[in-house]
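In case you want the letters, here they are:
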Amino acid sequence: MRLPLQAFLIEHRDGWVLFDTGIDPAILTTPDYISSAIGRFLLPRIFRFHLSEADRIDHVLAKLGVAAGDIRTAVISHLHFDHVGGIAYLPQAELLVSEREWSILSEPHPEREWILREHIETPSAKWRQITFEPTNDPLFEGFEGIHDVAGDGSMVLLPTPGHTKGSLSMLIRREDWDPILLVGDLTYEVPLLDQNVVAGTGDRQMLLASFAKVQALRKRLPGLTIAASHHFAATQAVARATGNAP
Ligand SMILES: [Zn+2]
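Figured I'd write up the structure that's included with this text. (Residues numbered from 1 in each chain as written. Predicted model: local features only at pLDDT ≥ 70, side-chain atom pairs only at ≥ 80, totals over all residues. Heavy atoms only, no water.)

1. Considerations on unusual backbone geometry
Reasoning step 1: At D20, a residue that is not glycine, the phi angle is positive and equals roughly 70°.
Reasoning step 2: Note on placement: D20 falls in the loop between β2 (15-19) and α1 (26-29).
Reasoning step 3: We classify D20 as buried; its relative accessible area is 0%.
Reasoning step 4: The phi angle at N196 is positive, at roughly 55°, despite the residue not being glycine. (Helix = DSSP H or I, 4+ residues; strand = E, 2+ residues; numbered from the N terminus. Buried < 20%, exposed > 50% of the residue type's maximum accessible area, 1.4 Å probe, protein only.)

Following this line, the structure appears as structure tokens:
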């Protein structure tokens, strides 16, 4: 199965925000990028990467005319290595992660779930663990709570556990756009979420519970575009929702 590794860039009036940071191409060129021997053994047997230096997040941003140093906030959907690989190149950014996701680092052997401590707990990384606040907003009924990133409702984080225990999604709203829900790895293809088909890794029951919440949200938010990190169709879907489709 061929999958893209996507991150999403949001221009907010308070500054640039990233949703996920991609993978570090150093995984191909640095022999001890993964510190555990078993991880180094398994990696090339499970994944075949088609990457170059140009895929590093700061280079990707530069191509868009955005300096990596101008990213104020990076929202991390979950701690897998293909989502946190860019944090070393965003040393000034505040990195938002759910408290539940962060707690995986205290459990035995997070590296067995491809959560690589050596690239997460780095001295330069400005992590902020977030918790989800209860809300009376009927839009978010069913979700355990929300976290409003900018305080204006434009970027709302929602717990959508299953792929990992602390995975989150981000709802983006702007008056002249269709709303967009970035779901990270909740599903690899949006049609699978609609059909309640669990592919990929994670806890099946937890994934199905999160699917139901997202499906309910979509009923309440007509026109909602759902974008999954590893779904090729996400780019087009987001372009359509934001009025940038060719
Ligand atoms: Zn993942």
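2. A closer look at the nonpolar core
Reasoning step 1: Within the largest apolar cluster, 22 residues are counted, with the highest numbers of intra-cluster contacts made by L61, L79, L90, I120 and W127.
Reasoning step 2: Counting residues per element, the ones that place at least two in this core are α3 (57-63), β3 (71-75) and β4 (94-98).
Reasoning step 3: Not counting residues within four places of it along the chain, the set of residues in contact with L61 comprises L9, L18, V66, A68, I71 and L90. (Core = buried A, V, L, I, M, F, W, Y, C linked by side-chain atoms within 4.5 Å. Contact = heavy atoms within 4.5 Å.)

3. Comments concerning the coordination of the zinc ion
Reasoning step 1: Surrounding the zinc ion are the protein donor atoms H78 (NE2), H80 (ND1), H163 (NE2) and D185 (OD), at 2.1 to 2.2 Å.
Reasoning step 2: Here the zinc ion is ringed by 4 donor atoms whose angles at the metal span 88 to 177°, and the overall shape comes out irregular.
Reasoning step 3: Between consecutive donors of the zinc ion, the numbers of intervening residues give the motif H-x1-H-x82-H-x21-D. Within this pair, whereas H80 is found in the loop between β3 and α4 (81-84), its partner H163 is found in the loop between β7 (155-159) and β8 (168-172), the two being separated by 83 residues in sequence.
Reasoning step 4: By relative accessible area, which is 9% here, H80 ends up buried.
Reasoning step 5: Since its relative accessible area comes to 6%, H163 is described here as buried. (Donors = N, O, S within 2.8 Å, 3.2 Å for Na, K, Ca; no water. Tetrahedral: all angles 85-135°; square planar, octahedral: opposite > 155°, others 65-115°.)

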